[in-house]
Amino acid sequence: GLVKVFGGFDYDSFTTEFSDELPIDRSQIAHYPPGAGLIPRHNDPWHNQKLILGVYMSKHGEDFEQGGIYFVDKDNQDVLVEPEIERGDAVVAYATITHGVAKIDPHKEPDWETDQGRWFMGLYTNDSNAKKDRLTSSLAK
């Protein structure tokens with residue numbers, strides 16, 4: 001609710017009515033396994049959610065060695081921030097800031113069975129998968 005208020009919406013926006021045309025609140029726990037987990041540079045749509053919010057459930061340097069969330073600076077350079085983050089920290093950023101997740105431990109073979117890697121819980125307000133002309137993240141250069 002607070003993320004919605006910071007974004008200019010009512011605290012309980014999108015929670016009292018449901019249809020394929022209305023946004024849906026979602027929580028997602030994502031595992032980015034060694035050698036495989038990544039998200040390319042992108043910008044998130046801001047029409048439903050002005051801010052991105054998530055909680056870190058793993059620690060760079062302990063659960064994985066390389067990779068993680070980065071933001072793109074004014075010189076178009078990736079700035080890796082994951083080494084500064086502790087388990088339980090939250091990220092709050094404008095959804096339109098270009099960001100991504102660099103591949104987790106790219107020197108390792110992909111292992112989808114391990115608990116090692118990066119764990120992240122994201123809180124999102126997205127268009128319904130059933131919505132015609134649904135807006136989603138867009139890849140960035």
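Coordinates for the structure precede this section.
Residues numbered from 1 in each chain as written. Predicted model: local features only at pLDDT ≥ 70, side-chain atom pairs only at ≥ 80, totals over all residues. Heavy atoms only, no water.

**Here we look at the overall build of the protein**
Okay, so step 1: If you tally the helices and strands in the protein, you get one helix and nine strands.
Okay, so step 2: Each helix and strand of the protein, placed in order from N terminus to C terminus, yields the pattern α-β-β-β-β-β-β-β-β-β.
Okay, so step 3: Over its C-alpha atoms the protein spans a radius of gyration of 16 Å, differing by no more than 12% from the 14 Å that the globule rule assigns to 141 residues.
Okay, so step 4: In terms of overall dimensions, the protein has a C-alpha envelope of 45 × 35 × 30 Å along the principal axes.
Okay, so step 5: When each of the 141 residues of the protein is scored for burial, the buried share is 37%.
Okay, so step 6: Total accessible area on the protein is roughly 8,600 Å²; 53% of this is exposed by carbon and sulfur atoms.
Okay, so step 7: Averaging the coordinates of the 14 positive side-chain charges in the protein and doing the same for the 24 negative ones gives two points 6 Å apart. (Helix = DSSP H or I, 4+ residues; strand = E, 2+ residues; numbered from the N terminus. Rg over C-alpha atoms; globule rule 2.2 N^0.38 Å. Buried < 20%, exposed > 50% of the residue type's maximum accessible area, 1.4 Å probe, protein only. Areas by Shrake-Rupley, 256 points an atom, 1.4 Å probe, with all protein chains shown as cover. Lys, Arg positive; Asp, Glu negative; His and termini not counted. Charge placed at Lys NZ, Arg CZ, Asp CG, Glu CD.)

**Observations concerning the sheet that holds strand β6 (residues 90-94)**
Okay, so step 1: A sheet is described by the order of its strands in space; here four strands give the open sequence β1-β8-β3-β6, paired in antiparallel fashion. The outermost strands of the open sheet, each flanked by one partner alone, are β1 (24-32) and β6. In this sheet, adjacent strand axes meet at a mean angle of 20° when their direction is disregarded.
Okay, so step 2: Two strands pair when backbone bridges link them, and β1 and strand β8 (residues 118-126) are joined in this way by nine bridges, in the antiparallel orientation. Bridge pairing in β8 places I24 opposite N126. (Pairing = 2+ DSSP bridges. Axes fitted to C-alpha atoms, helices over the stretch in contact; angles between N-to-C directions.)

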